[in-house]
Amino acid sequence: MDINQLNFKHLFYFWRVAKQGSLTHAAEQIHTSQSALSTQIRQLENRLGTPLFDRQGRHLELTATGQQVFTYAENIFGLGEQMLGWLDGRDAGVTRVRVGSVSTMSRNFQVNWLRPLFQDPTILLSVDSGPLQTLIERLLRHQLDVVLANEPVSSDPTRPVSSRFLGSQVISLVGRSDRWAGATLQVPEDLEDVEMAMPSTRHNVRLQFDALCFSAGVQPRLRAEIDDMTMLRLIARDSGWITVLPEVVVQDELHSGELVHVGQSSQLTEHFYAITVQHGHLAGPLNRLLSRAATGDILGAAPPESSESLQPTRTSSCSLND
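Numbering of residues starts from 1 in every chain and runs along the sequence as written. Totals for whole chains, interfaces and linings use all residues, but because this is a predicted model, local features are given only for residues with pLDDT of at least 70 and pairs of side-chain atoms are given and counted only at 80 or more. Water and hydrogen atoms play no part in the side-chain values, which are based on all heavy atoms of the structure.

Some points on the overall build of the chain
Right, on to step 1. Numbering of helices and strands runs from the N terminus, with a helix taken as a DSSP run of H or I at least four residues long and a strand as a DSSP run of E at least two residues long. In terms of regular secondary structure, the chain is built from 11 helices and 10 strands.
Right, on to step 2. The buried share of the chain, taken over its 322 residues, is 48%.
Right, on to step 3. Within the chain, counting contacts between residues at least 6 apart in sequence, those at least 24 apart form 75% of the total.
Right, on to step 4. Roughly 16,000 Å² of accessible area belongs to the chain as shown, and the carbon and sulfur atoms make up 49% of that amount. Think of it in three bands: residues with accessible area under 20% of the maximum for their type are buried, residues over 50% are exposed, and the middle band is partly exposed, with areas taken using a 1.4 Å probe on protein chains only. The contact rule is simple, with two residues in contact once any of their heavy atoms fall within 4.5 Å. Values of accessible area rely on a 1.4 Å probe in the Shrake-Rupley scheme; residue burial ignores everything except the protein chains shown.

This is the structure:
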């Protein structure tokens, strides 16, 4: 089949129906009738010589071929939407870089990763936070260029994404210097009945820590479990309790001496990932950031497949309340 024989209008209609999962919703969005939409999708199927949907009454399911065609259509029209977004936002040569970050991600890590963009006056940076699934949906709708997360995301024909490893770090136990200076605790052996503040169970770090303590038969005294990294940072600074968190969260307080290391375990690590759409076009500045990540410049860390867990390189940072 020659490319000239492919009707891209029909392919566009198929793409919108596949994304919505409904003829009704797709017809409303593109302001046409359901019958016209159905007719043109059938014409596409006839041209391709294979059904793209299994039709059971009003319910539509993509066939195996339909799944693959949808992946290609997602790239074709997703890039078209990305181009239009770039044209809308190219004010006087400005390049938009749209970043999504999971709400449990350290803001200090975000700043460290994005810092190379701060000195470029041609970049307009936007950063949104939210649940990982919501951010991935926005990424697939080309409303975001990259999502920063502390876990990778699997890819499939309906969710063609790539997860790039950015770095990892050992999780630290920290405490106020006026109470814990000079103290060293073995993790988890010395934590029995020790007052502690920890991330909530939404964090993989907390799940790792609980499993480690359970295996050792150790039960710390839980005083607070905090979902937000900014709040956990403030708890570490003001409470006097031992706090379990990634070092990057409290890098400023450790640098100033307000907080001190109390202990750590190589069995407790956090990994960081940049998630992008497969085969999508990335703005030059974002490409450079991801290339920098590939060299390990951000945290100086080996990928999670490595058996070695490394601590982050300490850098000065402007404070963004975490």
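Some points on helix H1 (residues 8-20)
Right, on to step 1. One less than the residue count of a helix, multiplied by 1.5 Å, gives the span that helix is expected to have. Helix length check: H1 (13 residues) gives 18 Å between terminal C-alpha atoms against 18 Å at 1.5 Å per residue, within 8%.
Right, on to step 2. Restricting attention to buried positions, one finds in H1 the residues His10, Leu11, Tyr13, Phe14, Trp15, Arg16, Val17 and Ala18.
Right, on to step 3. Following H1 by one or two positions, glycine 21 has its phi on the positive side, about 70°.

Focus on unusual backbone geometry
Right, on to step 1. Going from valine 187 to proline 188, the amide bond is cis rather than trans, its omega being 5°.
Right, on to step 2. Along the chain, proline 188 falls in the loop between helix H7 (177-180) and strand E7 (195-199).
Right, on to step 3. For histidine 31, which is not glycine, the phi dihedral falls at a positive 60°.
Right, on to step 4. Positive phi is not limited to glycine here, since aspartate 193 has a value of about 65°.
Right, on to step 5. Within the secondary structure, aspartate 193 is located in the loop between H7 and E7.

Remarks on the pattern of salt bridges
Right, on to step 1. Within this document, salt bridges are pairs made up of a side-chain nitrogen of Lys or Arg and a carboxyl oxygen of Asp or Glu, the two lying within 4 Å of each other. Scanning the model with the defined rule gives 11 salt bridges in all.
Right, on to step 2. Residues arginine 223 and glutamate 195 are paired through a salt bridge, measuring 2.5 Å at the closest nitrogen-oxygen approach. Pair noted here: arginine 223 is in strand E8 (residues 221-226) and glutamate 195 is in strand E7, with a separation of 28 residues, a long-range link.
Right, on to step 3. Notably, a salt bridge pairs glutamate 253 with arginine 233, separated by 2.7 Å at the nearest N-O pair. Highlighted residues: glutamate 253 in helix H10 (residues 251-256) and arginine 233 in helix H9 (residues 229-238), separated in sequence by 20 residues.
Right, on to step 4. Where salt bridges share partners, they join Glu195, Arg221 and Arg223 into one cluster.

Things to note about the pairing of E7
Right, on to step 1. Counting buried positions over the five residues of E7 gives four, a clear majority of the element.
Right, on to step 2. Two strands are said to pair when DSSP picks up at least two bridges between them. In this structure, E7 lies alongside E8, joined through five bridges in parallel fashion. By the bridge assignment, alanine 197 is partnered in E8 with alanine 224.
Right, on to step 3. With helix H8 (residues 204-216) bridging E7 and the parallel E8, this β-α-β connection has right-handed handedness.
Right, on to step 4. Where E7 lies against strand E9 (residues 242-246), two bridges are found, and the strand directions are parallel. Seen with its strands pointing away from the viewer, a crossover is right-handed when the path leading from the first strand over the helix to the second is clockwise.

A short note on the pairing of E9
Right, on to step 1. Of all five residues that make up E9, five are buried, and the element is covered over most of its length.
Right, on to step 2. Bridge analysis of strand E6 (residues 161-176) against E9 gives four bridges, and the strand direction is antiparallel. Across the sheet, serine 172 pairs through a bridge with leucine 245, a residue of E9.

A short note on the nonpolar core
Within soluble globular proteins, side chains that are nonpolar tend to cluster in buried spots.
Right, on to step 1. Note on terminology: a nonpolar core comprises buried Ala, Val, Leu, Ile, Met, Phe, Trp, Tyr and Cys residues joined through side-chain atoms within 4.5 Å. In this structure, Trp113, Leu132, Ile136, Leu139, Val147 and Ile275 are the most contacted members of the largest nonpolar core, which totals 45 residues.
Right, on to step 2. In this structure, leucine 139 is in contact with Leu144, Asp145, Val146, Val147, Val161, Ile275, Thr276 and Val277, ignoring residues within four places of it in sequence.
Right, on to step 3. By size, the runner-up hydrophobic cluster in this structure holds 21 residues, among which are Val17, Leu37, Phe53 and Leu62.

A short note on the packing of H1 against helix H3 (residues 34-48)
Right, on to step 1. Close contact between H1 and H3 brings their axes to 9 Å; oriented N to C, the two are set at 115°. Between H1 and H3 the crossing geometry is left-handed. Residues Lys9, His10, Leu11, Tyr13, Phe14 and Val17 of H1 form the contact with H3, whose participating residues are Leu37, Gln40, Ile41, Gln43 and Leu44.
Right, on to step 2. Of the residues contributing to the contact of H1 with H3, the split by class is seven nonpolar, three polar and one charged. Fitted lines through C-alpha atoms serve as axes, helices being fitted only where they are in contact, and the angles separating the N-to-C directions of these axes extend from 0 to 180 degrees. Crossings are classed by handedness, with left-handed meaning an anticlockwise turn of the near helix from the far one by less than a right angle and right-handed meaning a clockwise turn. Just so you know the grouping, Ala, Val, Leu, Ile, Met, Phe, Trp, Tyr, Cys and Pro go in nonpolar, Asp, Glu, Lys and Arg go in charged, and all remaining residues, Gly too, go in polar.

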